[in-house]
Structure formats: structure tokens, C-alpha cells
Amino acid sequence: MPPFLRALCRWAFLILVAWPICLVVLGMNVRHRNRLPRQGPAIVTPNHNSHLDTLAMLTLFPWRQIPKVRPVAAADYFLKTGLLGWFSLNFVGIIPIARKRGADQADPLAECYAALARGEILIIFPEGTRGEPERMQELKSGVAVLASKFPLVPVVPIFMHGLGRAMPRGAFVPVPFFVDVYVGQAMQWGQDSAGGDKKTFMASLATNMRILGEKHERPEFD
Amino acid sequence: MAEAWAGPVEKGANAIRQGIEALPTPVFPQAVGYTFLGCYILLAVVTLTIALLRRRNPARGFNEIRLRVRSFWFIVILATLALGFARWFSIVCIAFISFVAFKEYLSLIPTRRADHRVLFWAYMAIPVQYLLAGSGWYGLFIIFIPVFWFLALPMRMVLIGETRGFLRAVGLLQFGLMTCVFSLSHMAYLLALPEAGNPQGGGVALLFYLVFLTQFNDVAQYVAGKLIGRRKVTPSVHPGKTAEGLLGGVAVTVALALLLAPWLTPLSLYDALGAGLLIGFGGFLGDIIITAIKRDLGVSEGDSLTVGHGGILGRVDSLTFTAPAFFHFVYFLHY
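Residues numbered from 1 in each chain as written. Chains lettered and ligands numbered in written order. Predicted model: local features only at pLDDT ≥ 70, side-chain atom pairs only at ≥ 80, totals over all residues. Heavy atoms only, no water.

### Observations concerning the overall build of chain A
Thought 1: If you tally the helices and strands in chain A, you get 9 helices and 7 strands.
Thought 2: Against the compact-globule benchmark of 17 Å for 222 residues, chain A has a radius of gyration of 17 Å, which places it among compact chains.
Thought 3: The principal-axis extent of the C-alpha atoms belonging to chain A is close to 45 × 45 × 35 Å.
Thought 4: In chain A, which comprises 222 residues, the proportion classed as buried is 52%.
Thought 5: Of the contacts made within chain A by residues no fewer than 6 positions apart, 74% connect residues no fewer than 24 positions apart.
Thought 6: Carbon and sulfur atoms provide 59% of the accessible area of chain A, an area that totals close to 10,300 Å².
Thought 7: Computing the positive centroid from 25 side-chain charges and the negative centroid from 17, chain A places the two 7 Å apart. (Helix = DSSP H or I, 4+ residues; strand = E, 2+ residues; numbered from the N terminus. Rg over C-alpha atoms; globule rule 2.2 N^0.38 Å. Buried < 20%, exposed > 50% of the residue type's maximum accessible area, 1.4 Å probe, protein only. Contact = heavy atoms within 4.5 Å. Areas by Shrake-Rupley, 256 points an atom, 1.4 Å probe, with all protein chains shown as cover. Lys, Arg positive; Asp, Glu negative; His and termini not counted. Charge placed at Lys NZ, Arg CZ, Asp CG, Glu CD.)

Here it is as C-alpha cells:
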């Protein structure tokens, strides 16, 4: 698909799916929107509770940037069937990555490097899976790998609440809830890795995301 | 000097009159049109006054009151569009207000993950209730949520089978549906009332009378409280409310109710007195009830939780009480 056609598909997805669901059916309540990266290359790392998370993330960016905003998603789930794969790649604009690395495979993040080199904005859910709704899980270290390769690229932690209530794993119809989004301060490899340690970087990313979430008074949900 | 102006002024007035006559007839009756015009003039006067006060006294920003005036500009413009286009469109607009209020309520209360589908059912009551209101099917409109959905929600919930927190979950849901959907839908039913019941402009005029007085009552109580408020009337719920503010506000509301009644409603003088008292005290009660709920849930007024989406529950709190109260008052007397 030529690039301009793909951009049109992505705008169609934004205007016909993401905006109506997130802005009319749900309703977004964004704190510190100004902390979002204005342009790529950049990485934003929200927590993951629901399929709607990706839609919600897309609505945070100005429509003009959408063709350059790329959600990173699990290849084993989204490329399972041909139609879902075609839709995910062209309309949602995902970068598929393999969650399990086979012995013969190349670096699973290769496409992410290329995207950052092109100046795109990556959406990476560092939890790697939706898991239990509204519960944070341990973070996977892929973000640290990317940050170490691109030390100048800002990594923006984001905490979202409400989407797991609206459409938890296993549900197929969203139920409207207001969604709270907290945008954190951008992190950088040089400052937050304590001299190039991936574990330290991931620990501070996890702490930053947790602190964002703790500010928010949440009604119980279980 | 005065004579030099007489010609152009008359010319201008003529042009304006011709312009108004040339306008397509709006959906709402003339009386409502004039009252809307009154709203715009009132807002313009208030906005100008604030601008003048600010120029004279730049140290004081008047920020709170400026924000309030600005939101009233939005409300009046939106109300004009909602009422002036078509009857069905007005009903869709009120249904949307119900939807956003119910959504905000659900976002504030604790919910159970198991109830995902029950919540979906609860939302489904909104289109049905407003369809019933719009079609004027009174018998079903008045029992659909209090009887049918009152039974359907616990039924759906018990079939899921989670008993932990059952009573709390079903009770919270029923209250939200009654407040945000059933109560507010009375505004929509006003539009479906037969025209003959109100020769002054049908249901639109009644709806306008209700909403205008309720909003005005909020402002009047606030202003009266600021000017002469001393004795706290509900110290544990809302420390800002004073007896003087309440009574002063109600007095102004009653006066306005009497003044507007012959224009917009079929109400007699004594009926209008009753409507004014009902809206004055009812608005106060609706306000403090929503405040009590927010305090119970640990949400303070003007909390960051309502930043961005403006806090619709806080906007319609008085109407959740005055809409059904006023509706049944008028319905009993004239329909």
C-alpha cells in the first residue's frame, strides 16, 4: 500500500473509530497533555488494560501526526488471521513484534529501530499484555533496549485508568466510563539508567508509572 | 443633537424589525424566542458590567464570576440550538445529557467487574426511556425505569451469580438510573405534552420555564449567599450554603416565576407561586444531594476529577430534583 493511502486509512480509523469511541462514548480526561512529545522520534509507554488502550492513545495526538504514531503490538495475536492482520497493519498502523523469540530469528525489535530512525512515535505497552484489568504488572525490558540504542529519544510514561472498566479482557462490548489519563515527565536514557543499566532504567520507568497512578483516587473495581 | 440621531435610529430599528420578520419561523413559540432574547441581553449586560468593573479595578480579576458567565454563554447558545432546530433533536440532546451524567456517576462509584453486562443493560435504558418520552406514551414512560428496569437489572445481575457486594452494586445502579435518566427524562416528556394544555407555547415553553428558573435559582442563591449569607444551613453537607442565601434565592426565583408564568405557562398566580417555591427549594435539595453523594465518594467540589469534562453532574444536580417535581406539578394541574 502506498504511503499516502496508508495515511488515509489511518485517518479513517482515527475519525471513524477512535474519536467516536474515546471522545463521545467514553470521554477522556487528560492531565498534563503538554508533556506529550510534539514530534518524533519518541516513545510513549502507557499501562495496558484493554484493547481500547490503543484507541485512547491515538486520540491524544494531533490528527496530523497520526500516520507517524505507531502502536507496537504482539504479532502472535494481531497477525493470527489474515483479515485482522491486514486491518491492524494498515488501519491501526501497528508495528508487529514477536513476543517469544525463536532461536533462528533476527532481533525482534528491528522494525522499531527503523521506525525511530524515521522519526516516528512509538506506543509501547511495557506490561506486554492486558492481564488483570486495572492492575499493573511487571514491565518487559524492550523499552530499555530501545532507549539504550537511541539514548536521545524521550520516553514518556503514561498512566491510564478506566479503560479496563470500560472493556476488560474477555468483554466484546465497551461500557462507557470516563477515562483518566496522566502523562508523566519525559525520561531519557542518559539520566535515568544510572550509567547504562537496563534494569535501573526499567525500575525508574515502573516507579514513574506507579506514581502517576497513585495520584488518582480510584473507585474500587474487582 | 438628539434630533440628528432620530432619523438613523428609526432607520436602524426598521431594518432590525424587517430582518426579524424575514427570519424563518423558529420551532419554538414566540414567547420562548423573546425569553431567549432576554437571556442574551442579560448575559451581554453582565459581561459588559464585568468588563467595566475590571477596567476600573484591574487588581481584582473577577475570575470565578467570569468563568461562570462564560459557561452560561455556552449553555444559552447550546440551549438555543437544541431547542430551535427540531423537536426530535431537542429530545436527543436531553438524552445525551442523561448519558453523560450517568457515565460520570458510574465513573465515580465502585463497580464490580462481574457486572460488565449489567452496566450495559443499565445504559440501554437511556434510549428506551427517551423514545418513550418523545413518543408521549405516558403509561410506559412513567413505569419503565421504576418498575421494568428495577426488576430487570437485579435479574441480569443474579444470573451472573456473584453475590459478594450484590446489594450495594444493584442499589448504586438503581439510584444512578433514577437520578440521571428517569428524573432528567421528565424534561424530554415536557416536549411531548399536548400543545393544547399550554396555549402559551406548549411543552417547549414549559421546558424553558423549568430550566431557566432552575439555573436562575442556582445563581440567585449563590449571589444572595455571597451578599447577605451568615447562618450555615447544612454545615455538614455543604458549608457554603447559608439560610439567607437559600431564602433570598428562593424569593428571587418565586418573583421570576410569577413574572414569567403568564408568558410561558398555563399556571395561575397561586400555581406559579407554588411552582416558584418548588423550583427554588427543589433546586437547593438537588444540589446538596449530589454534593452529599460526592462527599460520600470522596470527591470534593471542583476536584481535579472533573477537570476537562466539566463535571456534568454538578451542572444538572438541581434539575434532577426540579424536573420531576415541576413536571408532575404541571401535569397534575393542566393535563
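### Examining the environment of Pro 266 of chain B
All names here are of chain B.
Thought 1: By the secondary structure assignment, Pro 266 is in the loop between helix 10 (243-264) and helix 11 (269-297).
Thought 2: When the C-alpha atoms of Pro 266 and Leu 206 are compared, they prove to be 9.0 Å apart, with 60 residues separating the residues in sequence.
Thought 3: In contact with Pro 266, other than residues within four places in its own chain, are Gly 197, Asn 198, Pro 199, Gln 200, Leu 206 and His 334.

### So, the side chain of Thr 35 of chain B
Thought 1: Considering the arrangement of structural elements, one finds Thr 35 of chain B in helix 2 (residues 30-56).
Thought 2: Here Thr 35 of chain B is in contact with Phe 208, Leu 260 and Leu 264 of chain B, once residues within four sequence places are set aside.

### Let's talk about the packing of helix 4 (residues 87-108) of chain B against helix 5 (residues 116-135) of chain B
The description of two packed helices rests on the angle between their axes and on the distance between the axes.
All names here are of chain B.
Thought 1: Between helix 4 and helix 5, the least distance of the axes is 10 Å, while the angle of their chain directions is 155 degrees. Comparing their axes, helix 5 and helix 4 come out roughly antiparallel. In the packing of helix 4 onto helix 5, the handedness of the crossing is right-handed. Contacts from Ile 91, Ile 94, Ala 95, Ser 98, Phe 99, Phe 102, Lys 103 and Leu 106 of helix 4 reach helix 5 at Leu 119, Ala 122, Tyr 123, Ile 126, Tyr 130 and Gly 134.
Thought 2: Counted by class, the contact of helix 4 with helix 5 contains 11 nonpolar, 2 polar and 1 charged residues. (Axes fitted to C-alpha atoms, helices over the stretch in contact; angles between N-to-C directions. Parallel < 35°, antiparallel > 145°, perpendicular 65-115°, else oblique. Left-handed = near helix turned anticlockwise from the far one by under 90°. Nonpolar A, V, L, I, M, F, W, Y, C, P; charged D, E, K, R; others polar.)

### Considering the interface of chain A and chain B
Thought 1: Of the residues lining the interface, 26 residues belong to chain A; the matching set on chain B comes to 25 residues.
Thought 2: With both sides pooled, the region where chain A packs onto chain B buries about 2,100 Å², and carbon together with sulfur makes up 56% of that total.
Thought 3: For the interface between chain A and chain B, the tally reads 0 salt bridges.
Thought 4: Counting across the interface, chain A meets chain B through 11 residue pairs in polar contact (both at pLDDT 80 or more).
Thought 5: Those elements that place two or more of their residues in the side of chain A that touches chain B are helix 1 (3-26), strand 1 (28-31) and helix 7 (163-166) of chain A.
Thought 6: Its residues assigned to classes, the side of chain A that touches chain B shows 16 nonpolar, 3 polar and 7 charged. (Buried area = accessible area lost by both parts, 1.4 Å probe. Salt bridge = Lys/Arg side-chain N within 4 Å of Asp/Glu carboxyl O. Polar contact = N/O pair within 3.5 Å; in protein donor to acceptor, adjacent residues only side chain to side chain.)

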